[in-house]
Amino acid sequence: MINTEILPVTAGKTETEQLHLRRAADCIKTGGLVVFPTETVYGLGGNALDGEAAKKIYAAKGRPSDNPLIIHVSTPEEAEKYAYTGELYYKLAERFMPGPLTLVLTAKDTVPKNTRGGLDTVAVRCPENMIARELIRLAGVPIAAPSANLSGSPSPTTARHVLEDMSGRVDMIIDGGAADFGLESTILKIDGDVATLLRPGKITKADLEACIGIVEVSHAVTEALAPGERVLSPGMKYRHYAPDKPLTLVGGSDEARIAFFAERQKEGAVIICYDEQAAKLMPDSVITIGAGDDLEAQGHRLFAALRECNSLEGKCVYANLPSTDGFGLALYNRLIRAAAHTVVYPDEL
Ligand code: AMP
Ligand code: MG
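This one's a predicted model, so the numbers in the text were calculated from it and none came from an experiment.

Draft legend 1. Seen up close, the overall build of the chain. Scanning the chain from terminus to terminus reveals 10 helices and 16 strands. The globule rule puts the C-alpha radius of gyration for 349 residues at 20 Å, and the 20 Å found for the chain is close to it. With respect to the principal axes defined by its C-alpha atoms, the chain has extents near 55 × 45 × 35 Å. The proportion of buried residues among the 349 residues of the chain is 57%. Of the roughly 14,700 Å² of accessible surface on the chain, 51% is carried by carbon and sulfur atoms. Separation of charge centres in the chain, based on 36 positive and 46 negative side chains, amounts to 5 Å.

Printed below as a string of structure tokens:
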């Protein structure tokens, strides 16, 4: 067990906060692990150029070592040192960086194999969060960072969530308050002039297409994988985001969904629902995630809601099946995996 220190840093402006950031950067430089806030979710960071640090990250998360880590840089140009960039990269960088976009590119030898899970490619992101960028700048190395949750559980959007999973497993946690978006970055693979969406996020397919033209969508974004199928993004093959009770998504008309939720509640189920649906259900076993038409609020609350399920009694969980339009696709992608692709349509029962 490591003694995990918690360092509160909100704006990074005061002398104490600067000192915290410098200590955290030194910790990264000397092979340690530091959890830090980003605008998406909290990241579990180590020196991306140190293969041993990557091993420590996999161990702390309990993550399979074939599931590669995203490397975080403090400016888009820094990616040059670690990956082969090109025209598409710079078009996207100009429009969306710094921000919640990760680009998968052909790797240079400067990135250890451990960091990239043995692949020939590397995922690069330049986060917008000022604390994250300052930490990378002070460390003087790119920071490899997956989400700071135990493998399989929902990504952490607050330092409290991080503590639940990572206490005793990392050297430091920088507490920078709640994450802005609450869902992980959009991941786009660039292969010559072909761009493929591997994970949807705040930056949508339409946003990307407005910048670079046609974007393909990997079928693993919405569909279950065939047994033994090779995937573009190794993370797609693992169960993820799941609460400790089985989750089922509920599609179909609003009336049928509400009636179905109410019935299941009587049998002891927990319901994750929209604010306006809660009034029609028993309050004890309901977790709300925002108005039905407020997708941003839902993105912000989703992972916290999935974690809350664990502290409520009940044998199983039901939630609305999101639409796959626009930003909805990001919610759909997380929920469908948390539910292991289990969906019911009460209109058809
Ligand atoms: P997380 O770090 O928890 O947000 O997960 C990072 C995601 O990025 C995982 O699903 C990885 O499989 C994916 N990823 C990282 N590097 C690559 C890469 N080189 N090629 C494809 N996917 C990647
Ligand atoms: Mg993750």
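Moving on from the model shown.
Draft legend 2. Examining helix α7 (residues 254-266) more closely. For α7, spanning 13 residues, the distance from its first C-alpha to its last is 19 Å, which sits close to the expected 18 Å at 1.5 Å a residue. Those residues of α7 not exposed but buried are A256, R257, I258, F260, F261 and Q265. Taken together, the buried residues of α7 touch β12 (247-250), β13 (270-273), α8 (275-278), β14 (286-288), β15 (317-320) and β16 (343-344). Where α7 ends, the next residue or the one after it, G268, has phi of about 95 degrees, a positive value.

Draft legend 3. A look at the environment of V35. Position of V35 among the secondary structure elements: in strand β2 (residues 34-36). Overall, the relative accessible area of 0% leaves V35 in the buried class. In this structure, the C-alpha to C-alpha distance between V35 and L163, residues 128 residues apart in sequence, is 9.8 Å. Excluding residues within four positions of it along the chain, V35 makes contact with Y42, G43, L44, A148, V162, V170, M172, I173 and I174.

Draft legend 4. View of the side chain of T121. Structurally, T121 can be placed in strand β6 (residues 121-125). You can call T121 buried: its relative accessible area is 18%. Those residues in contact with T121 that lie beyond four places of it in its chain are V104, L105, T106, A107, R116 and K189.

Draft legend 5. Layout of the site of ligand 1. In the neighbourhood of ligand 1, 18 residues make up the surrounding shell, with N67, P146, S147, R199 and G235 lying closest. Measuring from an oxygen atom of ligand 1, one finds a side-chain N or O atom of R63 at 3.3 Å. At a separation of 2.9 Å, an oxygen atom of ligand 1 approaches a polar side-chain atom of S147. Broken down by secondary-structure element, the contributors of at least two residues to the shell around ligand 1 are β6 and β10 (194-199). Sort the elements by how many residues they give to the shell around ligand 1 and β6 lands first, with three residues.

Draft legend 6. Empty space enclosed by the protein, seen in detail. In this structure the tally under the stated criterion is one cavity of 30 Å³ or more. In this structure, the largest cavity encloses a volume near 50 Å³. I272, Y274, I289, Q298, A319, N320, P322, L331 and L335 together form the lining of the largest cavity. Of all the secondary-structure elements, those providing two or more residues to the lining of the largest cavity are β15 and α10 (328-338). Here the residues of the lining of the largest cavity sort into seven nonpolar, two polar and no charged.

Draft legend 7. Representation of the environment of P146 within the structure. Its location among the elements puts P146 in the loop between β7 (143-144) and α5 (159-166). Note: C-alpha distance between P146 and I71 (75 residues apart in sequence) is 8.6 Å. When neighbours within four sequence positions are excluded, P146 is seen to be in contact with Y42, G43, L44, I57, K61, R63 and L69.

Draft legend 8. Fine view of a negative patch on the surface. On the surface, D275, E276, D293 and D294 cluster together to form a negatively charged patch. Mapped onto the elements, D294 comes out in the loop between β14 and α9 (295-308). Overall, the relative accessible area of 33% leaves D294 in the partly exposed class.

Draft legend 9. Structural view of the sheet that holds β13. With respect to topology, five strands assemble into an open sheet ordered β14-β13-β15-β12-β16, the strand pairing being parallel. Every interior strand has two partners, whereas the edge strands, β14 and β16, have only one. Against the sheet, α9 touches β12, β13 and β14, its axis set at about 165 degrees to β14. Across the sheet, α10 touches β12, β15 and β16, and the angle it forms with β12 is around 135 degrees.

Draft legend 10. How the structure looks around the sheet that holds strand β8 (residues 172-175). Read from one edge of the open sheet, 11 strands run β1-β8-β2-β3-β7-β4-β6-β5-β9-β10-β11, paired in mixed fashion. The two strands at the open ends of the sheet, each matched to only one other strand, are β1 (5-8) and β11 (216-217). Relative to β7, strand β4 (residues 70-72) runs antiparallel, the two being bridged by two bridges. Its bridge partner lying in β7, H72 is registered against I143. Lying on the sheet, helix α1 (residues 15-29) is in contact with β1, β2, β3 (43-47), β7 and β8; it crosses β1 at an angle near 140 degrees. Along the sheet, helix α2 (residues 51-61) contacts β3 and β7; its crossing angle with β3, the most-contacted strand, is approximately 155 degrees.

Conventions and cut-offs
Residues numbered from 1 in each chain as written. Chains lettered and ligands numbered in written order. Predicted model: local features only at pLDDT ≥ 70, side-chain atom pairs only at ≥ 80, totals over all residues. Heavy atoms only, no water. Helix = DSSP H or I, 4+ residues; strand = E, 2+ residues; numbered from the N terminus. Rg over C-alpha atoms; globule rule 2.2 N^0.38 Å. Buried < 20%, exposed > 50% of the residue type's maximum accessible area, 1.4 Å probe, protein only. Areas by Shrake-Rupley, 256 points an atom, 1.4 Å probe, with all protein chains shown as cover. Lys, Arg positive; Asp, Glu negative; His and termini not counted. Charge placed at Lys NZ, Arg CZ, Asp CG, Glu CD. Expected span 1.5 Å × (residues − 1). Contact = heavy atoms within 4.5 Å. Near = heavy atom within 4 Å. Polar contact = N/O pair within 3.5 Å; in protein donor to acceptor, adjacent residues only side chain to side chain. 1 Å grid on protein atoms, 1.4 Å probe; cavity = no way out; pocket = protein on both sides within 12 Å on 5 of 7 lines; lining within 4 Å. Points joined across faces, edges and corners; volume = space filled by probe spheres on them. Nonpolar A, V, L, I, M, F, W, Y, C, P; charged D, E, K, R; others polar. Patch = residues over 30% accessible without salt bridge, like charges linked within 9 Å, V, L, I, M, F, W, Y side chains within 5 Å. Salt bridge = Lys/Arg side-chain N within 4 Å of Asp/Glu carboxyl O. Pairing = 2+ DSSP bridges. Axes fitted to C-alpha atoms, helices over the stretch in contact; angles between N-to-C directions.

The values are spatial; any link to function lies outside them.
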